[in-house]
Amino acid sequence: MSYVGIESASVRLHHHILSVLVENKAGVLARVASLFARRGYNIFSLAVAPTEDPRFSRITIVVDVESAPLEQVTKQLFKLINVVKITELDPRSSVERELLLATVRAEPANRGQVVELAKIFEGKILAVGPDALTVSLEGHPDKIDDFEELLRGYGIVELQRTGRVALSKLERDQARTRATSRKAS
Amino acid sequence: MKLTGAQALIKSLEMEGVEVVFGLPGGCILPAYDPLLDSAIRHILVRHEQGAGHMAEGYAHVTGRPGVAMVTSGPAATNLVTPLCDAYMDSVPMVAITGQVSTTAIGTDAFQECDTVGITRSVTKHNELVMSAEELPQVIREAFHIATTGRPGPVLVDVPKDVLQATMEWYWPDTVDLPGYKPTTKGHPRMIREAARLILAAERPVIYAGGGILKARAAESLRALAELTGIHVVTTLMARGAFPDDHPLCLGMPGMHGNATAVTALQRADLLITLGARFDDRVTGKVSAFAPEAKVIHVDIDPAEQGKVRRPDVPIVGDCRQVIDEIVREIANLLATGEVQADTTAWKARVSGWRELYPLAYEPSRAGDALKPQFCLEALRDSVPEDTILVSGVGQHQMWASQYWRFRHPYTWVNSGGLGTMGFSVPAAIGAKVGRPDRMVWAVDGDGCFQMTAQELVTASTERIPIKVAILNNSYLGMVRQWQEMFYDERYSEVYLSPDLPDYVKWAEAMGCIGIRVEEPEEVQPAIDKANQIDDRPVVVEFRVDAREKVYPMVPAGLSNDDIVLPPSQNREYLR
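Residues numbered from 1 in each chain as written. Chains lettered and ligands numbered in written order. Predicted model: local features only at pLDDT ≥ 70, side-chain atom pairs only at ≥ 80, totals over all residues.

**A closer look at the overall build of chain A**
Scanning chain A from N- to C-terminus turns up four helices and nine strands. Expressed as a percentage of its 185 residues, the buried residues of chain A come to 31%. If you take every contact in chain A between residues at least 6 apart in sequence, the share linking residues at least 24 apart comes to 77%. (Helix = DSSP H or I, 4+ residues; strand = E, 2+ residues; numbered from the N terminus. Buried ≥ 20, exposed ≤ 12 C-beta atoms within 10 Å, placed from the backbone. Contact = placed C-beta atoms within 7 Å.)

**Things to note about the sheet that holds strand β4 (residues 83–89) of chain A**
Residues and elements named next belong to chain A. In space, the four strands of this open sheet follow the order β2-β3-β1-β4, with antiparallel pairing throughout. Each having just a single partner strand, β2 (43–50) and β4 make up the two edges of the open sheet. Each strand of the sheet is rotated relative to its neighbour by a mean of 15°, with strand direction disregarded. Contacts from helix α1 (residues 28–38) reach β1 (15–23), β2 and β3 (56–64), with the element oriented near 150° to β1. The sheet contacts of helix α2 (residues 67–79) involve β1, β3 and β4, and relative to β4 the element is tilted by about 155°. (Pairing = 2+ DSSP bridges. Axes fitted to C-alpha atoms, helices over the stretch in contact; angles between N-to-C directions.)

**What to know about the interface of chain A and chain B**
Listed per partner, the contact involves 16 residues of chain A and 19 residues of chain B. Counting residues per element, the ones that place at least two in the side of chain A that touches chain B are α1, α2 and β4 of chain A. In terms of residue class, the side of chain A that touches chain B is made up of four nonpolar, five polar and seven charged. (Nonpolar A, V, L, I, M, F, W, Y, C, P; charged D, E, K, R; others polar.)

**Focus on the packing of α1(A) against α2(A)**
Residue and element names in this part refer to chain A. Contact geometry for α1 and α2: axes closest at 10 Å, N-to-C directions at 150°. Our classification of the angle between α1 and α2 gives roughly antiparallel. The handedness of the crossing between α1 and α2 is right-handed. Residue-level inspection shows Val32, Leu35 and Phe36 of α1 in contact with α2, the latter providing Val73, Gln76 and Leu77. Taken together, the residues that form the contact of α1 with α2 break down as five nonpolar, one polar and no charged. (Parallel < 35°, antiparallel > 145°, perpendicular 65-115°, else oblique. Left-handed = near helix turned anticlockwise from the far one by under 90°.)

**Considerations on the domain arrangement of chain A**
It is common to give the size of an interface as the accessible area lost on bringing the parts into contact. Residue and element names in this part refer to chain A. The assigned domain composition of chain A is domain 1 (15–93) and domain 2 (95–165). In this structure, domain 1 and domain 2 have C-alpha centres spaced 29 Å apart. Each side of the interface is counted separately: domain 1 has six residues, and domain 2 has five residues. Mapped by element, the contributors of at least two residues to the side of domain 1 that touches domain 2 are β2 and β3. Looking at the side of domain 1 that touches domain 2 residue by residue, the classes come out as four nonpolar, two polar and no charged. (Domains from an automatic or database assignment.)

**Some remarks on helix α23 (residues 521–533) of chain B**
Residues and elements named next belong to chain B. Inspection of α23 places Val524, Ala527, Ile528 and Ala531 among the buried residues, and these make up the whole buried set. End-on, the buried residues of α23 take up no more than an arc of 100°, which puts them together on one face. The outward face of α23, more than 90 degrees from its buried face, is lined by the exposed residues Glu522, Pro526, Asp529 and Gln533. Among the structural elements, α16 (373–381), β18 (468–473), β19 (514–518) and β20 (539–544) are those in contact with the buried residues of α23. (Arc of directions from axis to C-beta.)

**Let's talk about the sheet that holds strand β5 (residues 94–100) of chain B**
Residues and elements named next belong to chain B. One open sheet accounts for six strands, arranged β3-β2-β4-β5-β7-β6; its pairing is parallel. Edge positions in the open sheet fall to β3 (42–45) and β6 (126–129), since each of these has one partner strand only. Between one strand and the next, the sheet's axes are offset by a mean angle of 20°, whatever the strand orientation. Where strand β2 (residues 20–24) meets β3, four bridges bridge the pair, whose relative direction is parallel. In the strand pairing of β3, valine 21 is matched with histidine 43. Relative to strand β4 (residues 67–71), helix α3 (residues 49–63) is tilted by about 165°, and along the sheet it contacts β2, β3, β4 and β5.

**Quick notes on the confidence of the model for chain A**
Residues and elements named next belong to chain A. Averaged over every residue, the pLDDT of chain A is 86; residues scoring 70 or more account for 85%. No element of chain A has a lower mean pLDDT than α2, at 90, and none a higher one than strand β7 (residues 132–139), at 97. In the predicted structure, residues 1–11 sits below a pLDDT of 50 and forms 17 contacts with residues beyond four places in sequence or in another chain. (pLDDT = per-residue confidence, 0-100.)

**Things to note about the packing of helix α11 (residues 219–229) of chain B against helix α14 (residues 320–336) of chain B**
All names here are of chain B. Relative orientation of the contacting elements α11 and α14 amounts to 25°, with a least axis distance of 9 Å. Classified by the angle between their axes, α11 and α14 sit roughly parallel to one another. Read as a crossing pair, α11 and α14 show a hand that is left-handed. The residues of α14 that touch α11, namely those facing Ser221, Leu222, Ala224, Leu225, Leu228 and Thr229, are Arg321, Ile324, Asp325, Ile327, Val328, Ile331 and Ala332. For the contact of α11 with α14, the per-class residue count stands at nine nonpolar, two polar and two charged.

**Structural notes on the domain arrangement of chain B**
Residues and elements named next belong to chain B. Structurally, chain B comprises domain 1 (2–169), domain 2 (189–357) and domain 3 (373–544). Contacts between the two partners involve 13 residues from domain 2, matched on the other side by 13 residues from domain 3. Here the residues of the side of domain 2 that touches domain 3 are counted per class, giving seven nonpolar, three polar and three charged.

**Re helix α17 (residues 396–404) of chain B**
Every α-helix winds through 3.6 residues per turn, so residues three or four apart in the chain are directed the same way. The buried fraction of α17(B) is high, at eight of nine residues. Among all positions of α17(B), only B:Gln396, B:His397, B:Gln398, B:Met399, B:Trp400, B:Ala401, B:Ser402 and B:Gln403 are buried.

**Things to note about the nonpolar core**
If you look at the biggest cluster of nonpolar residues, it comprises 209 residues, and the most contacted ones within it are B:Ala209, B:Ile213, B:Leu222 and B:Leu275. Residues contacting B:Leu275, with those up to four places away along its chain left out, are B:Ile207, B:Tyr208, B:Ala209, B:Gly210, B:Gly212, B:Ile213, B:Leu222, B:Val299, B:Cys320 and B:Ile324. Formed by 12 residues, the second largest nonpolar core is a distinct cluster that contains A:Val104, A:Val114, A:Ala118 and A:Leu151. (Core = buried A, V, L, I, M, F, W, Y, C linked by C-beta atoms within 7 Å.)

**Things to note about the pairing of β18(B)**
Residue and element names in this part refer to chain B. Burial of β18 is extensive: six of the six residues sit out of reach of the surface. Burial along β18 is two-sided: Lys468, Ala470 and Leu472 and Val469, Ile471 and Asn473, pointing in opposite directions, are all buried. Sheet topology note: the strand β17 (residues 441–446)/β18 ladder contains five bridges and is parallel. Bridge pairing links alanine 443 to valine 469 in β18. Examined bridge by bridge, β18 and β20 share six bridges and lie parallel to one another.

**Regarding the environment of B:Ile106**
All names here are of chain B. Inspection of the secondary structure assignment puts isoleucine 106 in the loop between β5 and α6 (116–120). For the pair isoleucine 106 and proline 160, spaced 54 residues apart in sequence, the C-alpha separation works out to 8.6 Å. With residues up to four places along the chain from it excluded, the contact list for isoleucine 106 reads Gln100, Val101 and Pro160.

**Remarks on the environment of B:Val540**
All names here are of chain B. By the secondary structure assignment, valine 540 is in strand β20. Sequence-wise, valine 540 and isoleucine 467 are 73 residues apart; in three dimensions their C-alpha atoms are separated by 8.7 Å. Once residues lying within four places of it in the same chain are set aside, the contact partners of valine 540 are Val469, Ile471, Tyr504, Ala508, Cys513 and Gly515.

**Looking at the environment of B:Ala133**
Residues and elements named next belong to chain B. Secondary-structure assignment places alanine 133 in the loop between β6 and α7 (136–148). Alanine 133 sits in the buried class, given 25 other C-beta atoms within 10 Å. Taking the C-alpha atoms as reference points, alanine 133 and alanine 6, 127 residues apart in sequence, are found 8.4 Å from one another. With residues near it in sequence (within four places) discarded, alanine 133 still touches Gly5, Ala8, Val163, Ala166, Thr167 and Met168.

This is how it looks when you write it as structure tokens:
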């Protein structure tokens, strides 16, 4: 079992989305990932990139774990010196996006159908070969799931998803936070 | 001022007030050993890098200042893993400096290369690979800051050889730059009030004091709280000495080998005032059956300890000393405004009853029988100054030492609690003696433990660090033997060592120590007296003790504290 497994399935019952603000330094991702590995928790998806402030990066982690052990992992994560802030994002009050790239079998006979499908989903055709197409789609992970499922019928040659990135929604209250403050609650 | 990285490293240690470094040089750390010659910092040359780590721990335990270990790359760094993990488990402030192969060689399987920061990531509070000489002062400053603040712990700084050799413009940073690190020290006022109210309302309260009391230097505050409220105190293995054993409110050590009164007081309590303790499995026994009727106040500086094992009713994240002082003030205010503390007379009577009926007990040896280890420890206890520092290894001797000693002062007990590192005592005692040369330092060790790190007595002899070692030689891995006797039908598997091999007296003498062997009860006192008089070199006293002796009481692993096994002379009937 790999400890940073990226499966392609929709977010299930025990999945939690953590948005982790970290210092943009060597080794920080390894520190974060090893806390999950140590406890045998699978990271479902993970995306990391620098933020608007180049000193920090934001890691979006989707992890499959019950709430009680997650609280402990979150607290342990927060003990890492390079971790600045942790927010657990509730899907109902956050915006989520993911990007999919897929090369799909598309013989001239059914190429039109694949192009049509991409158009319906507002995807893009990135490359066209004699018997295959490479498409991209950006959107909510659920939409990506649907698109991927439909592409399967044509035969997927290669596929890569980025893992979700998420921020809390602007309207209504700020994202639900858990174990992010050093105060006990 | 231009300095080499090596000079900057040593100067940074000086700026941090480091007075002693425990270490052993080698290829990659060599550049740092040159400016050390010109520094006022004392270097203690160990015989094995593990020894350097445990010495740094022993030093930190008794002084409260961070211990420093400096070793080279590869095998030296891996030899440091055990003490780092030990320090991490017991929250000991420590800074380890390791050499690393040059930045250009990292990742090429170079000679004596290993991924030190990778290997030590999970056994340090923080670690850092330094990639340029300019970073060194900042990284060292931050390492000491992290090691000594919040919940203390070990920090490792890995320095490649070319970084040590490069030149840089010297500076000393005014501040640390750690946006993700701001430990909470002040307790939440609402929680403090809630805690004070619970304390006054409790009819069967117990203070469960852990090692955090010592880390926060909160022994005085603890005493003030106990005396203001008249509440009994149990001191965990890590907190021995935090509250004086001869205080009428002290119940001693709880846990797997705790005394029956301390164990049962926790079990029957209606309120646990948990101060710097972490509900370790060795204290709670079966968690679901631990202190079933108790509400819990949990004071800890580490938010991750809140609710990790037991969900607290009143969690307070903060520095133990500050929080206890705030609670004491709050209680005093409440009392001044007419609040009345609940009546605890009935509870105190029960506790006194247990103390009377269930003292620690062992069968004294009859003429011709082997020496009892407890007898040796009692004789030692009664023959040394009361501020003597006692250091132990791990196993039966450790439990007996904790049980039978009478700790009167904080920072007089040094042991490996969380990790249970056999071989801890000899090097830790050396570190303790370096930190407190004015104190008598006794290491109590088992024969199994002693054989793991005894070579550091060569270090002690060479450096003139006159520690004293009492080996309780029962020729067995005693605690393992006890478990095999009690839980494996007396099937003794790979647990016998030998009483004579090695010859401990000759071995001690070969290492420059005085060696004394004790076999008969009447030899015990003269041997201890002789050892106490020697102050120019280390002494090793080998007590040949009864291998059949077991540590009682005992809560078998996985069982409830209610299932405590008492010495054969006692029964559980009145432990209600």
